[in-house]
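# Breakdown of the fold
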Amino acid sequence: MGQVAIKSREEIALMREAGRIVSEILDELEKAVAPGVTTWDLDALSEKLIYQKGARPAFKGYHGFPACLCASVNDEVVHGIPSKRRKLREGDLMKLDFGVAYRGYFGDSARTVLVGKVSVEAQALVNTTREALHKGIQAMVPGNRLGDIGHAVQRHVEARGFSVVRLFSGHGIGRRLHEEPDVPNYGQPGSGLKLRPGMVLAVEPMVNQGTDEVMVLEDQWTAVTRDSKLSAHFEHTVLITEGGPEVLTRQRAG
């Protein structure tokens, strides 16, 4: 593991702005999710809003990714490519994973949005994943370790009969979208890097209804569950402070 950056007061101020922009745009995207809307429509809206707010896309062009929004539906876990052909339908789980760069600093967040009325099982999966993110965030206090975050997520998820994806993890964030350290969604309490004030981490549980195993499709991006069961995803960019975790991408909409 390389050096983990401790952010200065000036850097934190810019990251708060980046996080606010991400959250505001996700609020608008969430409102736009409805049966008949395409994932391409959502991506186009996200791009328009990015430039209106004086930011730039974090994902478009990143290692060749072709869009501003990762739009993953149902058994797609993460990194879904928006498409004019992919129309949302009643009962779908729409995962919006989105980030921006603002004056050289990044914000990154994800939400799973229900398209109309979903099954009881799908609702339970989404609720568990959202709760697991908050359990992970609660563990982000100075003196705790990375393993405490992952353990909090894993324990909550597995107690409810779901599985955490191990192929992908959260990450440090700042002047780059992905910085040290990796932040797994599983782990042993008391293990790994010690958390210090000024660290900023993107924590992002990806939780599957069935097996934790995933595979990447021929487009070289879209990751799907190996058993074709549902997956959910939530993410926040979080600053560790002396007083506890500060969520920089917290949801603004009521």
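Preceding this section is the structure that the text describes.
Let us look at the structure shown here.

Rules used throughout
- Numbering of residues starts from 1 in each chain and follows the order in which that chain's sequence is written.
- This being a predicted model, a pLDDT of at least 70 is required before a residue's local features are given, and a value of 80 or more before pairs of side-chain atoms are given or counted; all residues contribute to the totals for chains, interfaces and linings.
- Remark: hydrogens and water are excluded; side-chain values derive from all non-hydrogen atoms of the structure.
- Each reported salt bridge corresponds to a side-chain nitrogen of Lys or Arg within 4 Å of a carboxyl oxygen of Asp or Glu.
- In this text, helices come from DSSP runs of H or I with a minimum length of four residues, and strands from runs of E with a minimum of two, each type numbered from the N-terminal end.
- Each residue is assigned to one of three classes by its accessible area relative to the maximum for its type, calculated with a 1.4 Å probe on protein chains only: buried under 20%, partly exposed between the two thresholds, exposed over 50%.
- Residue contacts follow a heavy-atom distance rule, with two residues in contact if any of their heavy atoms lie within 4.5 Å.
- Stacked, tilted and edge-to-face pairs are distinguished by plane angle, under 30 degrees for stacked and over 60 for edge-to-face with tilted covering the rest, among Phe, Tyr and Trp rings (Trp via its six-membered ring) whose centres lie within 6.5 Å.
- One less than the number of residues in a helix, times 1.5 Å, gives the span that helix is expected to have.
- Taken from the helix axis, the directions to the C-beta atoms give the arc we talk about.

Right, let's get into the pattern of salt bridges. Enumeration over the complete set of coordinates arrives at 11 salt bridges. K7 is the partner of E179 in a salt bridge, and the nearest nitrogen-oxygen pair spans 3.3 Å. Here E179, found in strand β8 (residues 179–183), pairs with K7, found in the segment before α1 (9–32); they are 172 residues apart in sequence, far enough to count as distant. The same class applies to E179 and to K7, which are both buried. Of the charged contacts in the structure, one is a salt bridge between R20 and E24, with a shortest N-O distance of 3.0 Å. Of this pair, R20 and E24 both sit in helix α1, four residues apart, which is roughly one turn of the helix. The partly exposed category is assigned to R20, whose relative accessible area is 27%.

With respect to the secondary-structure elements, F65 resides in the loop between β1 (56–57) and β2 (69–73). Along the chain, F65 and W221 lie 156 residues apart, while their C-alpha atoms are 7.9 Å from each other. Not counting the four nearest positions on each side in its chain, F65 is found in contact with F59, K60, C70, H79, G80, I81, P82 and W221.

Moving on to the packing of aromatic side chains. Here a ring pair, both rings aromatic, is described through the centre-centre distance and the interplanar angle of the planes. In total, this model carries one aromatic pair according to the counting rule given. Measuring from ring centre to ring centre gives 5.0 Å for F65 and W221, while their planes differ by 80°; the resulting arrangement is edge-to-face. Highlighted residues: F65 in the loop between β1 and β2 and W221 in the loop between β11 (214–216) and β12 (223–225), separated in sequence by 156 residues. Looking at W221, the relative accessible area reads 22%, which means it is partly exposed.

What follows covers helix α2 (residues 39–52). For α2, spanning 14 residues, the distance from its first C-alpha to its last is 20 Å, which sits close to the expected 20 Å at 1.5 Å a residue. T39, L42, D43, S46, L49 and I50 are the residues of α2 that are buried. End-on view of α2: buried residues confined to an arc of 130°, all on one side of the axis. The inward-facing, buried residues of α2 contact α1, β1, β2 and β4 (93–102). Where α2 terminates, the next one or two residues include G54, which has phi positive at roughly 75°.

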